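Letter by letter, the chains look like this.
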Amino acid sequence: SVQATDTTVSLHVQDNGPGIAPQERERIFDRFYRVLGTQTHGSGLGLAIVKEIAQKHQASLSVDVAHPDHMPPGTRFTLTFKRHY
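In this text the structure is predicted, and so the values were computed from the model without any measurement.

J.: Any chance you could explain the packing of aromatic side chains here in plain terms?
T.: The geometry of an aromatic ring pair comes down to the distance between the two centres and the angle between the two planes. In this structure the tally under the stated criterion is 1 aromatic pair. Where Phe29 meets Phe77, the ring centres are 6.3 Å apart and the plane angle is 90°; that geometry is what we call edge-to-face. Remark: Phe77 occurs in strand S4 (residues 75–82) and Phe29 occurs in the loop between strand S2 (8–14) and helix H1 (46–56); sequence separation between them is 48 residues. Classification of Phe77 by relative accessible area gives buried; the value is 18%.

Structure below.
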C-alpha cells in the first residue's frame, strides 16, 4: 500500500508469513545475511539492495510485525521518502 502526507510518501509491503524475530530485524539488511533455519532460496542481497537505494534517496526503511494479533504474524516493510517541493 502507499500512504502520503504533506511531508512524506510511504510504501508498505507486508506478508502473512512466520514473521522475523526482533533480534534478526536489523541483520536482515546486511549483505549475504540469511536467517538460519529458513527454507528460502537466494543470496541474501535483496534487502541490502533496498537499503542502499533507500539511503541514496535519503529515505528510511523499517521492518515490523504486520499482524501483531494473528498467527502467523507476518512481516511489514516500510520505505518512507521525504517529499521535496
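J.: Explain the pattern of salt bridges here, please?
T.: Between side chains of opposite charge, a pair can form as their charged atoms come close. As enumerated under the stated definition, the model contains 3 salt bridges in all. Measuring nitrogen to oxygen at the nearest pair gives 3.9 Å for the salt bridge that ties Asp64 to Arg25. Here Asp64, found in strand S3 (residues 60–65), pairs with Arg25, found in the loop between S2 and H1; they are 39 residues apart in sequence, far enough to count as distant. The class of Asp64 is partly exposed, set by a relative accessible area of 46%. Residue classification places Arg25 among the buried residues on the basis of a relative accessible area of 16%. A salt bridge links Arg27 to Asp30, with the nearest nitrogen and oxygen atoms 3.2 Å apart. Note on Arg27: relative accessible area 41%, which makes it partly exposed.

J.: What is the right way to read the sheet that holds strand S1 (residues 2–4) from this model?
T.: Sheets are built from strands that pair by backbone hydrogen bonding, the pairs being arranged parallel or antiparallel. The antiparallel open sheet is built from 4 strands, whose spatial order is S1-S2-S4-S3. Both outer strands of the open sheet, S1 and S3, are each paired with one neighbouring strand and no more. Within this sheet the neighbouring strands show an average axis-to-axis angle of 20°, counted without direction. With 7 bridges joining them, S2 and S4 adopt antiparallel strand pairing.

J.: What is the right way to look at the side chain of His12 in this model?
T.: The residue His12 is located in strand S2 in this model. Engagement of the side chain of His12 in a polar contact is seen with the side chain of Thr78, the distance being 3.0 Å.

Scoring rules and cut-offs
- Residues numbered from 1 in each chain as written.
- Predicted model: local features only at pLDDT ≥ 70, side-chain atom pairs only at ≥ 80, totals over all residues.
- Heavy atoms only, no water.
- Phe/Tyr/Trp six-rings, centres within 6.5 Å; stacked < 30°, edge-to-face > 60°.
- Helix = DSSP H or I, 4+ residues; strand = E, 2+ residues; numbered from the N terminus.
- Buried < 20%, exposed > 50% of the residue type's maximum accessible area, 1.4 Å probe, protein only.
- Salt bridge = Lys/Arg side-chain N within 4 Å of Asp/Glu carboxyl O.
- Pairing = 2+ DSSP bridges.
- Axes fitted to C-alpha atoms, helices over the stretch in contact; angles between N-to-C directions.
- Polar contact = N/O pair within 3.5 Å; in protein donor to acceptor, adjacent residues only side chain to side chain.

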